[in-house]
Amino acid sequence: MTKKISSTLASAGLLLTAAIWGFAFVIVKDSLDTVPPLYMLAVRFTIAGCALALICCHRFRLMSPVVLRHGIILGCFLFTAYAFQTIGCQYTTAGKNAFLTTVYVVLVPLFLWGITRRRPGLHIFAAAVLALAGIGLLSLQNEGAINTGDILTLICGVGYALHIIFISRYNRTEDAVLLTVLQLLGAAALSWILAPLMEGAFPAAALRTPKTAASMLYLGLASTMLAFFLQNICQKYAPPATSALLLSFESVFGVIFAGIFLHEHLSPRMAAGCALLFVAVVLAETKFSFITEPAGRLLHRKSGRQNI
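A. The environment of His-70, seen in detail. Of note, His-70 is situated in helix 3 (residues 65-88). By relative accessible area, His-70 is classed as buried at 12%. Separated by 172 residues in the primary sequence, His-70 and Thr-242 have C-alpha atoms spaced 30 Å apart.

Spelled out as structure tokens, the structure:
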């Protein structure tokens, strides 16, 4: 297989990954009528964690107390991010939930500035300004207030940013797949512990319906496990800036699918906010280097969030 064909297939795979994640916002929004948020996370993470553990069971020979501790820490960040995102989706539209989540892309370099004392490039500050403008247009109501769902979704972006930073730190010395399994199972355990306390009895009757069961399988196997594998495989054959650009289409697909399947209306002002947020994400991730530089000269760096 030629390099050009490999790159084309990788790009197609990354775009498919973004589409899978985008459709997940519709699934979550539609399922919240029958499955409470924390129970949804419990089922989702259990399916994904157990499936990935069975596939990669040989990785457990690399287990150590340090890896276990780091996996639990990542699981806490993962649970926090997904919990705020899923609960936030109850109070806002799936399309806004998709776009506001992407604020983590701008937050990661800003948080790293505080941790490492290394100032990010000017493009990050420009992206932050664009993101703030986009959030304002997308979220502010006529009376000038942001609704509860939008606030929760923005907090979710903070959780994702911290999750990405700690993943980058721990992946330097530990097995990435084993850390993924541990954080999925850790997030599942936290969900099972907190769900009965906050949401009451387990909604067993709802999960026995074919539609809800299929939705949970999609979230666990497709949006979590399959998308994770696609992202990691395809990023080996696509330039980093191109990968970042294609993965950022998650938010675009979220709005498109929300309009098609949930009939969500996007006003001109909200569309402008989405556009500004999308430009901010692409600027923060790529500096538009996919336009100005040949692919072979791009510096290798991780892009996007590991949506797991």
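Once the structure has been displayed, the description carries forward.
B. Just the packing of aromatic side chains, in detail. Counted under the stated rule, the structure contains 15 aromatic pairs. With centroids separated by 5.8 Å and ring planes inclined at 20 degrees, the aromatic side chains of Phe-253 and Phe-257 adopt a geometry described as stacked. In this pair, Phe-253 and Phe-257 both sit in helix 12 (residues 249-261), four residues apart, roughly one turn of the helix. Per residue, the accessibility class of Phe-253 equals that of Phe-257, and both read buried. Members of the aromatic cluster, each reached through a chain of ring pairs, are Phe-23, Tyr-218, Phe-253, Phe-257 and Phe-261. Here the basic side chain of Arg-169 rests over the ring of Phe-166, its NZ or CZ set 5.2 Å away from the ring centre.

C. Local environment of the nonpolar core. Met-40, Leu-41, Phe-45, Phe-99, Leu-138, Leu-219 and Leu-277 are the most contacted members of the largest nonpolar core, which totals 62 residues. With ten residues, helix 2 (residues 37-55) is the largest single contributor of residues to this core. Each residue touching Leu-138, except ones within four places of it in the same chain, is listed here: Lys-96, Phe-99, Leu-100, Met-270, Gly-273, Cys-274 and Leu-277. With eleven residues, the next largest nonpolar core counts Leu-14, Trp-21, Leu-230 and Leu-247 among its residues.

The rules behind each value
- Residues numbered from 1 in each chain as written.
- Predicted model: local features only at pLDDT ≥ 70, side-chain atom pairs only at ≥ 80, totals over all residues.
- Heavy atoms only, no water.
- Helix = DSSP H or I, 4+ residues; strand = E, 2+ residues; numbered from the N terminus.
- Buried < 20%, exposed > 50% of the residue type's maximum accessible area, 1.4 Å probe, protein only.
- Phe/Tyr/Trp six-rings, centres within 6.5 Å; stacked < 30°, edge-to-face > 60°.
- Lys NZ or Arg CZ within 6 Å of the ring centre and 35° of its normal.
- Core = buried A, V, L, I, M, F, W, Y, C linked by side-chain atoms within 4.5 Å.
- Contact = heavy atoms within 4.5 Å.

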